[in-house]
Amino acid sequence: MTGLPMVHPDPSLPRRVTIYEVGPRDGLQNEAGLVPVDDKVEFIERLIAAGLPIVEATSFVHPSWVPQLADAAEVVARLPMDGPVPLPVLVPNERGLDRALEAGVRHVAIFASATETFARKNLNSTVEDQFTMFEPVVERARAAGLDVRAYVSMCFGDPWEGPVDPVQVVRVGRRLLDLGATQLSLGDTIGVGTPGHVSRLVSELVAAGVGVERLAMHFHDTYGQALANTLAALRCGVTTFDASAGGLGGCPYAESATGNLATEDLVWMLDGLGIEHGVDLDALVRTSAWMAGVLGRQSPSAVVRALSSS
Ligand code: HMG
Ligand code: MG
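Residues numbered from 1 in each chain as written. Chains lettered and ligands numbered in written order. Predicted model: local features only at pLDDT ≥ 70, side-chain atom pairs only at ≥ 80, totals over all residues. Heavy atoms only, no water.

Chemist: Quick question: what am I supposed to make of the overall build of the protein chain here?
Modeler: Looking only at helices and strands, the protein chain features 12 helices and 11 strands. Burial status across the protein chain gives 55% buried among its 310 residues. Considering only contacts within the protein chain whose residues lie at least 6 apart along the sequence, 76% involve residues at least 24 apart. Carbon and sulfur atoms make up 52% of the accessible area of the protein chain, which amounts to about 12,100 Å² in all. (Helix = DSSP H or I, 4+ residues; strand = E, 2+ residues; numbered from the N terminus. Buried < 20%, exposed > 50% of the residue type's maximum accessible area, 1.4 Å probe, protein only. Contact = heavy atoms within 4.5 Å. Areas by Shrake-Rupley, 256 points an atom, 1.4 Å probe, with all protein chains shown as cover.)

Chemist: When you look at helix α11 (residues 281-295) in this model, what are you seeing that I'm missing?
Modeler: Along an α-helix, a turn takes 3.6 residues, which lines up residues three or four apart on a common side. Compared with the 21 Å implied by 1.5 Å per residue over 15 residues, the 21 Å span of α11 between its first and last C-alpha is a close match. Buried-residue contacts for α11 involve α2 (37-49), α10 (263-272) and α12 (302-309). Immediately downstream of α11, the backbone of G296 shows phi near 80°, a positive value. (Expected span 1.5 Å × (residues − 1).)

Chemist: Please explain the side chain of S125 as it appears in this structure.
Modeler: By the element assignment, S125 lies in the loop between α5 (116-123) and α6 (127-143). Under the relative-accessibility criterion, S125 is labelled buried at 12%.

Chemist: Any chance you could explain the coordination of the magnesium ion (ligand 2) here in plain terms?
Modeler: Working reference: metal with six octahedral donors, ideal angles 90 or 180 degrees; metal with four tetrahedral donors, ideal angle 109.5 degrees. For the magnesium ion (ligand 2), the full set of protein donor atoms is D26 (OD), H218 (NE2) and H220 (NE2), and the range of their distances to it is 2.1 to 2.3 Å. The sequence pattern describing where the donors of the magnesium ion (ligand 2) fall on their chain is D-x191-H-x1-H. Taken as a pair, D26 in helix α1 (residues 23-27) and H220 in the loop between β10 (215-219) and α9 (226-235) lie far apart in primary sequence, 194 residues in all. Just as D26 is buried, H220 falls in that class too. (Donors = N, O, S within 2.8 Å, 3.2 Å for Na, K, Ca; no water.)

Chemist: Hey, could you run me through the site of ligand 1 in this one?
Modeler: Around ligand 1, the surrounding shell holds 26 residues, and the nearest of these are Q29, N93, N124, S153 and T189. Contacts to ligand 1 include D26, whose side-chain N or O atom sits 3.0 Å from an oxygen atom. The protein chains hide 73% of the 1,100 Å² of surface that ligand 1 would expose on its own. Those elements that place two or more of their residues in the shell around ligand 1 are α1, α4 (94-103), α5 and β6 (147-153). At three residues, α4 tops the list of elements feeding residues into the shell around ligand 1. Here the residues of the shell around ligand 1 are counted per class, giving 11 nonpolar, 11 polar and four charged. (Near = heavy atom within 4 Å. Polar contact = N/O pair within 3.5 Å; in protein donor to acceptor, adjacent residues only side chain to side chain. Nonpolar A, V, L, I, M, F, W, Y, C, P; charged D, E, K, R; others polar.)

Chemist: Could you clarify how one ought to interpret the nonpolar core in this entry?
Modeler: As a rule of thumb, soluble globular proteins bury nonpolar side chains together. L176 and M217 are the most contacted members of the largest nonpolar core, which has 98 residues in total. Look past the residues within four positions of M217 in its chain and what remains in contact with it is F156, S185, L186, V198, V202, A233, V238, T240, F241 and D242. In terms of nonpolar packing, the next biggest core, distinct from the first, is built from six residues, F118, C251, A254 and A257 among them. (Core = buried A, V, L, I, M, F, W, Y, C linked by side-chain atoms within 4.5 Å.)

Chemist: I keep staring at the state of the cysteines and nothing clicks. Help me out?
Modeler: Throughout this description, disulfide means a covalent bond between two cysteine sulfur atoms. All chains considered together, the criterion is met by zero disulfides. Between C236, a free cysteine, and C155, which holds the nearest cysteine sulfur, the sulfur-to-sulfur gap is 14 Å. The exposure class of C236 is partly exposed, given its relative accessible area of 28%. (Disulfide = S-S within 2.5 Å.)

Chemist: Can you walk me through the packing of aromatic side chains in this structure?
Modeler: Aromatic ring pairs are reported here in terms of the distance separating the ring centres and the angle at which the planes meet. What the rule picks out here adds up to four aromatic pairs. Ring geometry for F43 against W290: centres 6.4 Å apart, planes inclined by 50°, an arrangement best described as tilted. Linking F43 in helix α2 with W290 in helix α11, this pair joins segments that are 247 residues apart in sequence. In this structure F43 comes out as buried when scored by relative accessible area, which is 0%. Taking the centre distance of 6.3 Å and the plane angle of 50° together, the rings of F156 and F219 count as tilted. Separated by 63 residues along the polypeptide, F156 in the loop between β6 and β7 (157-158) and F219 in strand β10 bring together distant segments of the chain. Here R25 stacks its cationic end above the ring of Y151, 5.5 Å away from the centre of that ring. (Phe/Tyr/Trp six-rings, centres within 6.5 Å; stacked < 30°, edge-to-face > 60°. Lys NZ or Arg CZ within 6 Å of the ring centre and 35° of its normal.)

Chemist: Could you clarify how one ought to interpret empty space enclosed by the protein in this entry?
Modeler: Space left empty within the atom packing is revealed by a probe, the size of a water molecule, rolled over the atoms. This structure, assessed with the given rule, holds one cavity of 30 Å³ or more. Of the pockets and cavities examined, the largest cavity occupies roughly 50 Å³. Lining the largest cavity, in full, are A245, G246, L248, S288, M291, A292, L295, R297, Q298, S299 and P300. (1 Å grid on protein atoms, 1.4 Å probe; cavity = no way out; pocket = protein on both sides within 12 Å on 5 of 7 lines; lining within 4 Å. Points joined across faces, edges and corners; volume = space filled by probe spheres on them.)

Shown next as structure tokens:
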């Protein structure tokens, strides 16, 4: 394996970012063939070893809603939940939180929708009722000393409702922070966002009093815009980016969603910009090439393909 990009720093951008790895959760949740627990655990261990500072491990959702992650407790039982690398899990409701606490989880993420249709399809809820579901989750999780991230899905467009007004996203995002969430991850679930839209959304949130340091961006790459959108968010001062090793991913309840921004593609761009992130690109590419073998198909990441064949 070879290759590192030429480094040309842009002094107007942040000097360091945090990559929040979602491959084991968002990357695998949509896979039809069940990935064995051994492979999930190895995937997470290899991501930790490659230097990812935080790795979302799985979801404690209803097992029949996401069968691929029905083994969440088994996976978590084999992971270093008290180790130096946080291993958050998704929890939608109190039942999910109970299961996560029993398993020894220390970091959780709730996931809200900016639109009514996706709230119904993904959570069997309404936009308003989702807050009623999340309130005791955040309260109990914080009381137990857990860190709580909150996602907002469909921040840019929704396959059923079309373009999503930033005002809707700000309203949902504010409510989640007011409930006690510590970080807000803005999901472009179906990958329709473009850079100007990203800048507009971030500035509207900042204007609504949300500090840019509390924001993370979660781009899916359906229309090939994820890296351009990342650069737009970097220019706004965002320093946390979700990405999925090898570009795996999708949402089972939004059929038009494809893979997340590939962590390797993100790392390549950050390396070229001289932005620190702490990830070993070679180790990461080897991990994604191995996972592509487990899944029986090539990685969608351009950087994984380029570096695996060089
Ligand atoms: P529901 O059917 O309305 O649940 O589903 P309910 O509260 O009516 O309960 C029905 C039964 O399910 C009860 O059992 C509960 O105990 C049980 P019964 O009394 O009938 O025996 N139950 C559970 N069992 C295990 N774990 C649980 C759980 N909850 C209830 N947590 C629910 C509502 C929220 C549970 C369901 O809609 C669900 O699980 N949804 C999750 C969907 C999902 O995981 N989607 C993918 C993640 S989101 C995403 O990918 C987007 C993101 O990446 C950002 C982006 O890209 O935008 C984050
Ligand atoms: Mg996602």
